[in-house]
Number of protein chains: 2
Amino acid sequence: MHAMTASVLQMIRRAKSPLSKVEIAEELGVSLSAISVHVERLLKENLIEMSRIGVSSGGRKPKEYALNKDFGLIVSIELETTLVHIALTNFNCEVLCLTSSDIEITDGPDIVLTRIHEHVEQMLLDNDIDKASIKGIGIGIPGPVDFSMGIPISPPIMPGWDQYPIREFWAKYFDCPCYVDNDVNIMALGEHAKGLKFEVNNVIFIKIGSGIGSGIIYDGVLYRGSTGSAGDIGHFDIGSDVVCWCGNKGCLEASAGGKALISKGKERAIFHNSGYLLDILNSRGELSMEDIGAGLLQLDSSCVELVRESGALIGKVIASIVNFANPDLIVIGGRIAEFGDIFLAAIRQSVYQRSLPLATRNLIINKSSLGNMAGLIGGAFMTIDQIITQATDNQADTYF
Amino acid sequence: MHAMTASVLQMIRRAKSPLSKVEIAEELGVSLSAISVHVERLLKENLIEMSRIGVSSGGRKPKEYALNKDFGLIVSIELETTLVHIALTNFNCEVLCLTSSDIEITDGPDIVLTRIHEHVEQMLLDNDIDKASIKGIGIGIPGPVDFSMGIPISPPIMPGWDQYPIREFWAKYFDCPCYVDNDVNIMALGEHAKGLKFEVNNVIFIKIGSGIGSGIIYDGVLYRGSTGSAGDIGHFDIGSDVVCWCGNKGCLEASAGGKALISKGKERAIFHNSGYLLDILNSRGELSMEDIGAGLLQLDSSCVELVRESGALIGKVIASIVNFANPDLIVIGGRIAEFGDIFLAAIRQSVYQRSLPLATRNLIINKSSLGNMAGLIGGAFMTIDQIITQATDNQADTYF
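Residues numbered from 1 in each chain as written. Chains lettered and ligands numbered in written order. Predicted model: local features only at pLDDT ≥ 70, side-chain atom pairs only at ≥ 80, totals over all residues. Heavy atoms only, no water.

K.L.:
Please give an account of the interface of chain A and chain B that cites residues and values.
P.N.:
Note on interface size: it is often stated as the accessible area lost on association of the parts. Each partner contributes residues to the interface: chain A has 43 residues there, and chain B has 43 residues. Both sides of the chain A and chain B interface together cover about 3600 Å² of buried area, and 51% of this is carbon and sulfur. The largest contributions to the chain A side of the interface with chain B come from Phe324(A), Arg354(A) and Leu358(A), which together make up 22% of the buried area. Applying the counting rule to chain A against chain B returns four salt bridges. The closest approach of N and O atoms between Asp237(A) and Lys316(B), which form a salt bridge, is 3.1 Å. (Contact = heavy atoms within 4.5 Å. Buried area = accessible area lost by both parts, 1.4 Å probe. Salt bridge = Lys/Arg side-chain N within 4 Å of Asp/Glu carboxyl O.)

K.L.:
Give me unusual backbone geometry: which residues, what numbers.
P.N.:
Despite not being glycine, Asp128(A) has its phi angle at roughly 55°, a positive value. Looking at the secondary structure, you find Asp128(A) in the loop between helix H4 (109-126) and strand E7 (134-141). Residues other than glycine seldom take positive phi values, yet Asn46(B) does so here, at roughly 70°. As for its placement among the helices and strands, Asn46(B) is situated in the loop between helix H3 (32-44) and strand E2 (48-53). Owing to a relative accessible area of 46%, Asn46(B) belongs among the partly exposed residues under this scheme. (Helix = DSSP H or I, 4+ residues; strand = E, 2+ residues; numbered from the N terminus. Buried < 20%, exposed > 50% of the residue type's maximum accessible area, 1.4 Å probe, protein only.)

K.L.:
Go over the pattern of salt bridges with me, naming the residues and quoting the values.
P.N.:
Scanning all chains against the criterion turns up 26 salt bridges over all chains. Linking Asp385(B) and Arg14(B) is a salt bridge whose minimum nitrogen-to-oxygen distance equals 2.8 Å. Linking Asp385(B) in helix H14 (residues 374-393) with Arg14(B) in helix H1 (residues 3-14), this pair joins segments that are 371 residues apart in sequence. For Arg14(B), a relative accessible area of 37% gives the class partly exposed. Taking the shortest distance from any N to any O, the salt bridge between Asp291(B) and Arg284(B) comes out at 2.6 Å. One continuous salt-bridge network, built from bridges that share partners, spans Lys264(A), Arg268(A), Glu305(A) and Glu309(A).

K.L.:
Residue-level account of the packing of aromatic side chains, with values.
P.N.:
Residue and element names in this part refer to chain A. The tally for this structure, following the rule as stated, stands at 19 aromatic pairs over all chains. Through pairs of rings, three or more aromatic residues link up here, namely Phe169, Trp170, Tyr173 and Phe174. For the cation-ring pair, Arg224 lies above Phe147, with the distance from its terminal atom to the ring centre recorded as 3.4 Å. (Phe/Tyr/Trp six-rings, centres within 6.5 Å; stacked < 30°, edge-to-face > 60°. Lys NZ or Arg CZ within 6 Å of the ring centre and 35° of its normal.)

Interpretation note: all reported values are geometric properties and have no functional meaning in isolation.
Dropping the structure here:
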């Protein structure tokens, strides 16, 4: 595909509403006649379609173009440590069907990917979908990724996965490309491209689950860093004495992540005689994030305090990031984000206290609008992005 | 100027060596014949020149093109709190003459800019330079800037400068554009464009003077953030009890910047009876960064310890930034950077201890190769960049 054709396609598919040729030409700084060639080509290839007729400012009404969302299907996979989510989306990243399943990431790539593959095949069968309509597979994993190669790089919580050729695994079963990225990166992509109702260029997506990480959008584009590890905020030093799994003291993750919250909850149950938490611990022998979430809903004081503490610590680190990166928008996602307003208020309070006034002048801090779908939608978005880019790199005239 | 002509010019001027049309065409993804049009136009306008004849891989030897560095002159101004540096550079950012002068930034913009203007006129007179050969004026200031407007935005250490129209001041005397940017931003630009002997895309320039700040290059481009305040690392929380001028406790700047170093030096002199520092304090009634630097050269143990402490604290914050931004290169600049190897070693030690292994795999941490010329060279680079960009925006055929 010609580079300019790809640019036109990217612009149309990223737009929040259909575009006219004039709009495309102006944005890309190219003549209207040049744009027409590319639009015609995309129409012919069935990648875009004519949308409703645009509002004219006098004279003939301009035609508008939108992505043909039924061009093909994407399998989007989000891998967590003990769960996998699989979605089938259309070319506009809308989820058509969805399944989740237990998995142990520590079983290693052969076992885990084989099981995921079985689920995917079952999903296609159940929905009567022809394999040929699958145009790409996107996978988000909870660790650093060499994106160009599609391999995990020393992922700390994925033993056995280091440098495993995930793409090659899928190539055995599907005749379409597969792309692998870090889970938080694709959440950031999904939220930016499909979650927001307004346009912003600089977004940092903070995922707070067992661990804490972030995905960075600069000037509208995902920023991966030099070795693909950008966005790691879990090991920012917050000055505490708690030892982290990484070997250092004072990491944010060790004091404020999901795991930390659970162990603090246990401590409170036992040493501070917190009724609600102690009851659960006594009856089940363990605590979960969901228990703390439920306690929060009942306004159990111990749970409220735990969540506030965690929010304040995370907010302190976000304040530093806001000073450094000066984003338009901070998005809070991941499982703890479901804790809601008390958590968000604690984060905001910390950020406004410690960030410089100029950096927070227009700053928005919100929960993810896609919630737990951010990763799957972002995975599909990333995959389609890459399909288009790769087609350009290959300089081939047709590419799907 | 046509957008593509500008792209060709930018590419030629940013290249470390002259380029052939084939190289330009390949990089920009445009046909050779299309590139020829733009190259001819630039030659005709005297903006580029034919350089040495390139090495051929057989057949006719390709012509190579380089910037015409004598196209015009730039006045580059670097404003510090008590000093101003003024340089005259050619179009390749090479400094032709240079002067420094005392100034009190707190005197406000009218007094300070009038004095700077006198110095500039004197410099032109002394060097027998015609005003008409000045193509642009670039100014770096120690505070946040609305870059598109060219005005300081609530700069904390520049009372009276908030929203002052610096461009309009210069428009009274010069018939060329003026651009204003934050001092650390232009240092980062200068180092990236003209200091490095190797090519890297993601660079963070850390300036350590009285305060501490940073300038960010992502994917080869200066990143300013949403409100132009990106790169502020002086107020990262390092968990100390020291109160900062910003009102918060624990800011990096309050414990490790130049001012902090001097007050810690005084404390040591008085309470720990440190001979070297006490002698200076007794004889002059005050201490300066230069005194601590001189003590370091003599390996005075108090000075060594002070500088090491400062390096360790700064390194801790850089470690967080390395985790978050995953750059190729960290450049240490500013006055304290002149402290040399002891300081640099302390920073490096801290970074390698606290950053994630993947993020430091290929990381380089170096002193600025341009030293105290980074700001002036970067100011000229930024100015020429803007002249070219603006000419494109105006869509004018000729522009200088």
